[in-house]
Amino acid sequence: MNIVNIALTKIKMEYRDKKTLIFLLAFPILLILILGTALNSAFNDQVSVSNIHVLYTVTDNSPVSSAFESFTKGTDHSGIHFKKVSNAAASKNAVKEDQTDGYVVVSKKGIQLFENDRNSVEASLIQGMLGAFADKYKVVTAVAKVAPSQVSAVLQSQTAANAIRETSLGAQKKPGAMDYYAISIAAMVAMFAAMPAIHLISGERVRGTGNRLLAAPITKGEILLGKLLGSLLTNALCMLMVIFFSKYAFKADWGQHLGVAFLILFSEIILATSIGLALSFIAKSETAASAFINVFVQLAAFFGGAYFQLNGIDGILGFVSHLSPINWTISAINQLIYTHNMIPAVHTILLNICISLLFLILASVSLQRREGL
């Protein structure tokens, strides 16, 4: 009962402090909104291309020229617009000065393409369309030699456009900016729990209430567990608010296993709290402990991917990023959401709990060896 009373007192004290609400609620929500909105384009890997303009010149009345003329009349629906010109020099100059996307010369010798290298996507599409025309023309020519009556059927066939279908073996679902930063900022806020944990016990010494607690019929273990429980519940409740706000207000995707995702974040809160608590006994002063934790949390956030995605990073930077608890959390939650893989989630929770136990044992032993708090 003493543990519960101490925990409830700790929760009431934290929620009466406006700085706690701003730091644990307003700050992460605002950061998710800013980063998720400002960096939205960085998470969009779709390329939309339309209104590609191509100039072309027909030098003679060969069969390929006539076929190409017919071909250009049916390409407007695909966003590629052909325009017939007669001045070859001016057309080439227009391509060079980026006034058009390409220039095509059609003769009995074949098709010659002058493309704008500055627009590589558009150039690739033009090449692909001309390649498709050339292939179909070869088919028509071959059919005309052996079965002239079937030429019209080949020309009217549209099966070539649907001959190739892409099927991906990987997950098609990917996080958008708001999805990613809802998770990454939540992971960073979970690590923020290390900062107030420094003052769980040392704060009683500073306020002069430590001796009063020891005079009461309460053991040091009950004080430690009560303070720890109150801090964990305070951060967990704030974390739940951030998750639900991002999910329903910002429409962030937290997947179908929201409970497991919260357990991952809660295990990180336990880890952060245990680190801060242990450090308060190891450091010579609260100032030194606070300075160290502030630097540690910011480095963990930076190298852990809280501010930007970490894709394909190797070497020393990649090794350092894997040491960040924030990186473990983000990776586990993303795999849980987008691949429904529970194994990384279980590994991350167990890793966080095991490391937390080591720091909590260190804090408990240090507290028992002290004469006071």
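What you see is a predicted model, and the numbers here were worked out from it, not measured in a lab. Each residue is numbered by its place in its chain's sequence as written, counting from 1. Since the coordinates come from a predicted model, pLDDT governs what is reported: local features require at least 70, and pairs of side-chain atoms require 80 or more to be given and counted, while whole-chain, interface and lining totals use all residues. The side-chain numbers reported here are obtained from all heavy atoms of the structure, hydrogens and water having been left aside.

Turning to the overall build of the protein, a few remarks are in order. Counting from the N terminus, the helices are DSSP H or I runs at least four residues long and the strands are E runs at least two residues long. When helices and strands are tallied, the protein shows 16 helices and four strands. The cut-offs for exposure are 20% and 50% of the maximum accessible area for each residue type, with area from a 1.4 Å probe on protein chains only; residues under the lower value are buried, those over the upper are exposed, and the others partly exposed. Counting every position in the protein, which comprises 373 residues, the buried fraction comes to 42%. For the protein, the proportion of contacts with a sequence separation of at least 24, taken over those separated by at least 6, is 74%. Here the protein has roughly 20600 Å² of accessible surface; of this, 61% comes from carbon and sulfur atoms. Should any heavy atoms of two residues lie within 4.5 Å, those residues are considered in contact. Method for areas: the Shrake-Rupley scheme with a 1.4 Å probe, in which residue coverage is limited to the protein chains shown.

Each residue after the first adds 1.5 Å to the expected span of a helix. Relative to the 30 Å expected for 21 residues at 1.5 Å per residue, helix 2 (residues 18-38) spans 28 Å between its end C-alpha atoms, a close match to the ideal helical length. Of all the bends in helix 2, the greatest reaches close to 30° and is centred on Ala26; the proline Pro28 follows between one and four positions later. Taken together, the buried positions of helix 2 are occupied by Thr20, Leu24, Leu25, Pro28, Ile29, Leu31, Ile32, Leu35 and Gly36. Against helix 1 (2-16), helix 7 (177-191) and helix 11 (220-248) lie the buried residues of helix 2. By definition, a residue's bend is the angle between the axes fitted to the seven residues ending there and the seven starting there.

Quick look at the packing of helix 2 against helix 11 now. Geometry is summarised by axes, namely lines fitted to C-alpha atoms with helices restricted to the contacting stretch, and by angles between N-to-C directions that run from 0 to 180 degrees. Packing of helix 2 against helix 11 brings their axes to within 10 Å, and their N-to-C directions diverge by 30°. The angle between helix 2 and helix 11 places the two elements in the roughly parallel class. Note that helix 2 runs across helix 11; the crossing there is right-handed. Mapping the contact onto sequence places Leu24, Leu25, Pro28, Ile29 and Ile32 in helix 2 and Asn235, Cys238, Met241, Val242, Phe245 and Ser246 in helix 11. For the contact of helix 2 with helix 11, the class distribution of residues is nine nonpolar, two polar and no charged. Comment on the angle field: the value is read as roughly parallel under 35 degrees, roughly antiparallel over 145, roughly perpendicular from 65 to 115, and oblique elsewhere. For any helix crossing, the convention is left-handed if the near helix is rotated counterclockwise from the far helix by under a right angle, and right-handed if that rotation is clockwise. Classification used: nonpolar for Ala, Val, Leu, Ile, Met, Phe, Trp, Tyr, Cys and Pro, charged for Asp, Glu, Lys and Arg, polar for all others including Gly.

Once that is clear, we can look at the sheet that holds strand 4 (residues 110-115). Taken in spatial order, the four strands line up as 2-1-3-4 in an open sheet, and their pairing is mixed. The open sheet has two edge strands with one neighbour each: strand 2 (80-84) and strand 4. Put simply, the sheet's adjacent strands are angled 25° from each other on average, direction ignored. Note: strand 1 (residues 52-58) against strand 3 (residues 102-107), five bridges, orientation parallel. Looking at strand 3, one finds that Val54 is bridged to Gly102. Whether two strands pair depends on DSSP finding at least two bridges between them.

Positive phi is not limited to glycine here, since Lys251 has a value of about 60°. Tracing the sequence through the fold places Lys251 in the loop between helix 11 and helix 12 (258-282). The class of Lys251 is exposed, set by a relative accessible area of 63%. For His340, which is not glycine, the phi torsion reads 55° and is therefore positive. Tracing the backbone shows His340 in the loop between helix 15 (325-338) and helix 16 (343-369). On the accessibility criterion, His340 (44% relative accessible area) is partly exposed.

Let us now look at the environment of Phe82. Looking at the element boundaries, Phe82 is found in strand 2. Distance from Phe82 to Leu55, taken between C-alpha atoms, is 5.7 Å for residues 27 residues apart in sequence. When near neighbours in sequence (up to four residues on either side) are disregarded, Phe82 contacts Val54, Tyr56, Phe68, Phe71, Thr72, Thr75 and Met129.

Fine structural detail should not be taken from predicted coordinates in areas where pLDDT scores are low. Per residue, pLDDT measures the predictor's confidence, with a range of 0 to 100. Mean pLDDT for the protein: 81, with 81% of residues reaching 70 or above. Note on residues 158-171: pLDDT under 50 across the span, and one contact to partners over four residues away in sequence or across chains.

Moving on to the nonpolar core. Counting residues in hydrophobic clusters, the biggest one holds 72 residues, and the most contacted among them are Met239, Trp254 and Ile326. Broken down by element, the residue count for this core peaks at 13 residues, all from helix 12. When near neighbours in sequence (up to four residues on either side) are disregarded, Met239 contacts Ala186, Val189, Ala190, Phe262, Leu265 and Ile269. The term nonpolar core refers to a set of buried residues drawn from Ala, Val, Leu, Ile, Met, Phe, Trp, Tyr and Cys, joined through side-chain atoms within 4.5 Å. Ranked by size, the runner-up nonpolar core spans 14 residues in total, among them Val64, Ile126, Met129 and Phe133.

This part is about the packing of aromatic side chains. Only Phe, Tyr and Trp rings take part, Trp by its six-membered ring, and two of them pair if their centres are within 6.5 Å. Stacked means planes under 30 degrees apart, edge-to-face means over 60, and tilted covers everything else. One pass over the full model with this rule turns up 10 aromatic pairs. Here the aromatic cluster, defined as three or more aromatic residues joined through ring pairs, consists of Phe302, Phe303 and Phe308. Criterion for a charge above a ring: Lys NZ or Arg CZ within 6 Å of the ring centre, and within 35 degrees of the ring normal. Just above the ring of Tyr248 sits the side chain of Lys247; from NZ or CZ to the centre is 5.7 Å.

Quick look at a nonpolar patch on the surface now. Residues enter patches when their relative accessible area tops 30% and they take part in no salt bridge; the joining distance is 9 Å for like charges and 5 Å for the nonpolar side chains Val, Leu, Ile, Met, Phe, Trp and Tyr. Salt bridges, as used here, are contacts in which a Lys or Arg side-chain nitrogen is within 4 Å of a carboxyl oxygen on Asp or Glu. A contiguous nonpolar patch, built from Met1, Val4 and Leu8 and spanning about 320 Å² of accessible area, is present on the exposed surface. Residue Val4 is classed as partly exposed on the basis of its relative accessible area, which comes to 40%.

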